[in-house]
Amino acid sequence: MNSVLDFINEATEPTASWPEEQRTREGLDPYCRKVADTLSDAFLDEFLSALGRLQDCYTGEAFRRGFCLGAALMEELRGEGYVWGG
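Residues numbered from 1 in each chain as written. Predicted model: local features only at pLDDT ≥ 70, side-chain atom pairs only at ≥ 80, totals over all residues. Heavy atoms only, no water.

**Student:** How should I be thinking about the layout of surface pockets in this particular structure?
**Tutor:** When its volume is computed, the largest pocket comes out at roughly 1,000 Å³. For the largest pocket, the lining is made up of 28 residues, of which Arg25, Gly52, Gln55, Asp56 and Thr59 are closest to its centre. For the lining of the largest pocket, the secondary-structure elements that each account for two or more residues are helix H1 (4-11), helix H2 (19-38) and helix H3 (41-78). For the lining of the largest pocket, the element with the most residues is H3, which contributes ten residues. (1 Å grid on protein atoms, 1.4 Å probe; cavity = no way out; pocket = protein on both sides within 12 Å on 5 of 7 lines; lining within 4 Å. Points joined across faces, edges and corners; volume = space filled by probe spheres on them. Helix = DSSP H or I, 4+ residues; strand = E, 2+ residues; numbered from the N terminus.)

Pasting the structure below:
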């Protein structure tokens, strides 16, 4: 863990899949099966692990950017002249 943002990101990560994720995973199954049958199950596992690490980079950066944007927006709302609800 590198920072408070990493801790918050990990703490708020969903633990269960949602319907769209499940459908997307099922849509990948035929491709994964073909790769495993053509190359090997071990190759597929290593490939998916590498893709997962890359996705973690994107997800972490997107979270950090969103968190910083949210903090900047809160600062903006605290500024003078802002009236809640109007």
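**Student:** Looking at this model, I keep getting lost on the environment of Phe47. Mind explaining?
**Tutor:** Its place among the elements puts Phe47 in helix H3. Accessibility expressed as a relative area gives 42% for Phe47, which makes it partly exposed. Put simply, Phe47 and Val35 are twelve residues apart on the chain and 9.9 Å apart in space, counted from C-alpha to C-alpha. (Buried < 20%, exposed > 50% of the residue type's maximum accessible area, 1.4 Å probe, protein only.)

**Student:** Which parts of the structure should I look at to understand a nonpolar patch on the surface?
**Tutor:** Judged by side-chain polarity, Leu39, Phe43, Phe47, Leu48, Leu51, Leu54 and Tyr58 come together as a nonpolar surface patch covering roughly 670 Å² of accessible area. Summarising the element assignment, Tyr58 is placed in helix H3. On the basis of relative accessible area, Tyr58 is assigned to the exposed category, the value being 51%. (Patch = residues over 30% accessible without salt bridge, like charges linked within 9 Å, V, L, I, M, F, W, Y side chains within 5 Å. Areas by Shrake-Rupley, 256 points an atom, 1.4 Å probe, with all protein chains shown as cover. Salt bridge = Lys/Arg side-chain N within 4 Å of Asp/Glu carboxyl O.)

**Student:** Help me understand the pattern of salt bridges, please; the structure alone is not making it clear to me.
**Tutor:** Close approach of charged atoms lets side chains of opposite charge pair. Taken as a whole, this structure holds six salt bridges when the rule is applied. For Arg25, the salt bridge goes to Glu21, with nearest N and O atoms at 2.9 Å. Remark: Glu21 and Arg25 occur in helix H2; sequence separation between them is four residues, near one turn of the helix. A salt bridge links Arg33 to Asp37; its shortest N-O distance comes to 3.3 Å. Of this pair, Arg33 and Asp37 both sit in helix H2, four residues apart, which is roughly one turn of that helix. Accessibility expressed as a relative area gives 41% for Arg33, which makes it partly exposed. Given a relative accessible area of 56%, Asp37 falls into the exposed group. Beyond isolated ion pairs, a larger network of salt bridges with shared partners links Asp6, Glu61 and Arg64.

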